[in-house]
Amino acid sequence: FLLNCTPIDQDELIMGQIRFKTFDLGGHEGARKLWQDYYSNIDGVVFLVDALDQKRFQEAKAELDVSVNLWHTTAAIATTPHPTPRASSLLCFSE
């Protein structure tokens, strides 16, 4: 039996007088089970989608549709930047 023990990436950003504590929780199916542990104490969400992985856009959209109702906060949705014509834009991802 294989256990995924990838630690959650945590960082702190300071912009002027504002301090942001960030957590990269990951997006694979196993990591999504941890998201609910962070819903109660958040002030914002940045939901990133891999711009090159178009076959997972529908999966990402379905997860976003469910999660956005649980976050009760502001959410920004973005694609990861890729300097290639194959990369999709956010407009392609959204309905």
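Definitions and cut-offs
Residues numbered from 1 in each chain as written. Predicted model: local features only at pLDDT ≥ 70, side-chain atom pairs only at ≥ 80, totals over all residues. Heavy atoms only, no water. Helix = DSSP H or I, 4+ residues; strand = E, 2+ residues; numbered from the N terminus. Buried < 20%, exposed > 50% of the residue type's maximum accessible area, 1.4 Å probe, protein only. Contact = heavy atoms within 4.5 Å. Areas by Shrake-Rupley, 256 points an atom, 1.4 Å probe, with all protein chains shown as cover. Phe/Tyr/Trp six-rings, centres within 6.5 Å; stacked < 30°, edge-to-face > 60°. Pairing = 2+ DSSP bridges. Salt bridge = Lys/Arg side-chain N within 4 Å of Asp/Glu carboxyl O.

Undergrad: Can you tell me about the overall build of the protein chain, naming the residues and giving the values?
TA: Within the protein chain, the secondary structure is distributed over three helices and four strands. Counting helices and strands in the order they occur from the N terminus, the protein chain gives β-β-α-β-α-β-α. Looking at the protein chain as a whole, 19% of its 95 residues qualify as buried. For the protein chain, restricting intrachain contacts to residue pairs at least 6 apart in sequence, the fraction spanning at least 24 positions comes to 58%. By element, 55% of the accessible surface of the protein chain is carried by carbon and sulfur atoms, the whole surface being about 7,600 Å².

Undergrad: Mind laying out the packing of aromatic side chains, listing which residues take part and the relevant values?
TA: Scanning all chains against the criterion turns up two aromatic pairs. A centroid spacing of 6.2 Å and a plane angle of 50 degrees characterise the contact between Phe-47 and Trp-71, whose relative ring orientation is tilted. Placement of Phe-47 in strand β3 (residues 44–49) and of Trp-71 in helix α2 (residues 57–71) is noted, with a sequence separation of 24 residues between them. Owing to a relative accessible area of 8%, Phe-47 belongs among the buried residues under this scheme. Members of the aromatic cluster, joined through ring pairs, are Trp-35, Phe-47 and Trp-71.

Undergrad: Go over the pairing of strand β4 (residues 74–79) with me, naming the residues and quoting the values.
TA: Of the strand pairs in this sheet, β3 and β4 are connected by six bridges, and their pairing is parallel. Paired with Leu-48 across the strands is Ala-78, a residue of β4.

Undergrad: Provide a residue-level description of the pattern of salt bridges, including the pertinent values.
TA: What the rule picks out here adds up to seven salt bridges. For Arg-32, the salt bridge is made with Glu-63, and the minimal N-O distance between the two is 3.4 Å. Of this pair, Arg-32 sits in helix α1 (residues 29–35) while Glu-63 is found in helix α2, placing the two residues 31 residues apart along the sequence. Residues Lys-55 and Asp-53 are paired through a salt bridge, measuring 3.5 Å at the closest nitrogen-oxygen approach. On the accessibility criterion, Asp-53 (16% relative accessible area) is buried.

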